[in-house]
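Tertiary structure, described
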Amino acid sequence: MSRVAPPVEYTEEVHEALHEGRAVVALESNVITHGLPYPDNAATARKVEDAVRAGGAVPATVHVDRGAIRVGMTDADIERFAALPGIPKVSSRDLPVVLARGGPGATTVASSVAAAELAGIRWFSSAGIGGVHRGAQETFDISSDLVQFTRSRVAVVCAGAKMILDLGLTLEFLETHCVPVVAHRSDDFPAFYCRTSGHRAPHRIDDEAVLARAVATHWALGSPTSFLITTPVRETDAIDAAEVEAAIGEAVAAAERDGVVGQGLTKYLMRAVDTATGGRSARANMAVLATCAQTAGRLAAAYSTAGTDS
């Protein structure tokens, strides 16, 4: 069988932006299909895209449909993915199967980063990345996001990783695999809707032009990995880390009693945190998405303006 070219299709807006060398930021579609209920999920997706534009870049929400990786969503696409139940979550390892079958799929962080590199997009934004799970010494439960970062030359802007993970081991994994971690406008590695995880970031860079040069230099040195940039949630939207940690501790004990393990544990813990915070964590989640997207838009614009793309 002859070699198959990666099936990548672009919206007209994204194609023109890339052709003209303008800043583009990739986004995941999983937040539409596996986040808030309709129509709030559609409204959130549009707000995140608007935040990228406010930062000075073009949003490119990645999804899978009709046998192709689709880079960019029309308003009709957003509405369809938001309203249609049962669209599967597609990580990196699932891409070839879902593409071959031709059905729709919502991309995660890992598959969005892989798709962004294929599409020639250097920047990606997400609220929070996956990481090393608590107890991974026994379960080997490590997010495919981290593995994908070792393979894709994409700058990832996020608010760190969720507090339900082992954030110390997550940072150790990134260090071992030579993935730079730089905090923007903060000294600490944030924990999603908590401004700090209690772990100091390896580097801090506030100047956007310097940060853009650091990203370009990382790849100029021949590295095949991503470049991770964290930005904390605004203080007005943040939730106290001690409050979240207490809720997680109670939820972990309850999960052990109920026999909840594996992939179901993450959803169980997140639901417990949302209940313990009276729904504030869900609202903070939406705020984090927009904060990261606008920061990614600004950084991508600085990168593009400096002529650092290669």
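Residues numbered from 1 in each chain as written. Predicted model: local features only at pLDDT ≥ 70, side-chain atom pairs only at ≥ 80, totals over all residues. Heavy atoms only, no water.

Observations regarding the environment of Val-113
Defined as follows: The numbering of helices and of strands both runs from the N terminus, where a helix is a DSSP run of H or I of at least 4 residues and a strand a run of E of at least 2. Contacts are assigned to residue pairs that have any heavy atoms within 4.5 Å of one another.
With respect to the helices, strands and loops of the structure, Val-113 is situated in helix H6 (residues 109-119). With 36 residues separating them in the primary sequence, Val-113 and Phe-149 have C-alpha atoms 7.9 Å apart. With residues up to four places along the chain from it excluded, the contact list for Val-113 reads Phe-124, Gln-148, Phe-149, Ser-152, Val-154, Val-156 and Ser-226.

Some details on the nonpolar core
Note the threshold: We call a set of buried Ala, Val, Leu, Ile, Met, Phe, Trp, Tyr and Cys residues a nonpolar core when their side-chain atoms join them within 4.5 Å. With a 1.4 Å probe rolled over the protein chains alone, any residue whose accessible area is under 20% of its type maximum counts as buried; one over 50% counts as exposed, and the rest are partly exposed.
Ranked by internal contacts, the top residues of the largest apolar core, which has 87 residues, are Trp-123, Phe-149, Tyr-193 and Leu-228. Tallying contributions element by element places helix H13 (residues 280-305) first for this core, with 11 residues. The next biggest cluster of nonpolar side chains, apart from the first, holds 9 residues, and it includes Ala-45, Phe-81, Ala-82 and Ala-106.

A look at helix H10 (residues 208-220)
Put simply, the test is: In this scheme, a helix's expected span is set at 1.5 Å multiplied by one less than its residue total. Here the arc refers to the set of directions running from the helix axis out to each C-beta atom. Two N or O atoms count as a polar contact when they lie within 3.5 Å, although within protein this holds only if one can serve as hydrogen donor and the other as acceptor, and sequence-adjacent residues are included solely when both atoms are side-chain atoms.
End to end, H10 covers 18 Å across 13 residues, agreeing with the expected 18 Å (1.5 Å per residue, within 8%). Those residues of H10 not exposed but buried are Glu-208, Leu-211, Ala-212, Val-215, Ala-216, His-218 and Trp-219. Across the axial projection of H10, the buried residues extend over an arc of 155 degrees, all falling on one side. Where H10 is buried, its residues contact strand S7 (123-125), strand S8 (155-158), strand S9 (181-183), strand S13 (227-230) and H13. The N-cap residue of H10 is Asp-207: its side-chain oxygen and the backbone nitrogen of Ala-209 are 2.9 Å apart. Trailing H10 by a residue or two, Gly-222 shows a phi angle of about 95 degrees, which is positive.

Comments concerning the pattern of salt bridges
Quick reminder of the rule: What counts as a salt bridge is simple: a side-chain nitrogen of Lys or Arg found within 4 Å of a carboxyl oxygen of Asp or Glu.
As enumerated under the stated definition, the model contains 16 salt bridges in all. In this structure, Asp-75 engages Arg-46 in a salt bridge whose closest nitrogen and oxygen atoms are separated by 2.6 Å. You can see Asp-75 sitting in helix H4 (residues 75-83) and its partner Arg-46 sitting in helix H3 (residues 40-55), a full 29 residues away along the chain. Classification of Arg-46 by relative accessible area gives partly exposed; the value is 26%. Between Arg-134 and Glu-245 there is a salt bridge, with the nearest N and O atoms lying 3.1 Å from each other. A residue pair is termed long-range when its members are at least 10 positions apart, and Arg-134 in the loop between S7 and helix H7 (136-139) and Glu-245 in helix H11 (residues 241-258) qualify at 111 residues. Three or more residues are tied together by salt bridges with common partners; here these are Asp-65, Arg-66, Asp-77 and Arg-80.

Let's talk about the packing of H10 against H13
Stated precisely, the cut-off is as follows: Under this scheme, a helix contributes an axis fitted over its contacting stretch, all axes are lines through C-alpha atoms, and angles between N-to-C directions fall in the 0 to 180 degree range. Note on terminology: angles under 35 degrees are roughly parallel, angles over 145 are roughly antiparallel, angles of 65 to 115 are roughly perpendicular, and the others are oblique. Note on convention: the crossing is left-handed when the near helix lies turned anticlockwise from the far helix by less than a right angle, right-handed when the turn is clockwise.
Contact geometry of H10 with H13 gives a least axis separation of 8 Å together with a crossing angle of 70 degrees. Regarding the angle of H10 to H13, the classification is roughly perpendicular. Crossing of H10 against H13: the hand is right-handed. Residues Glu-208, Leu-211, Ala-212, Val-215, Ala-216 and Trp-219 of H10 touch H13, and the partners they reach there are Arg-298, Leu-299, Ala-302 and Tyr-303.

These figures come from the coordinates and say nothing about function on their own.
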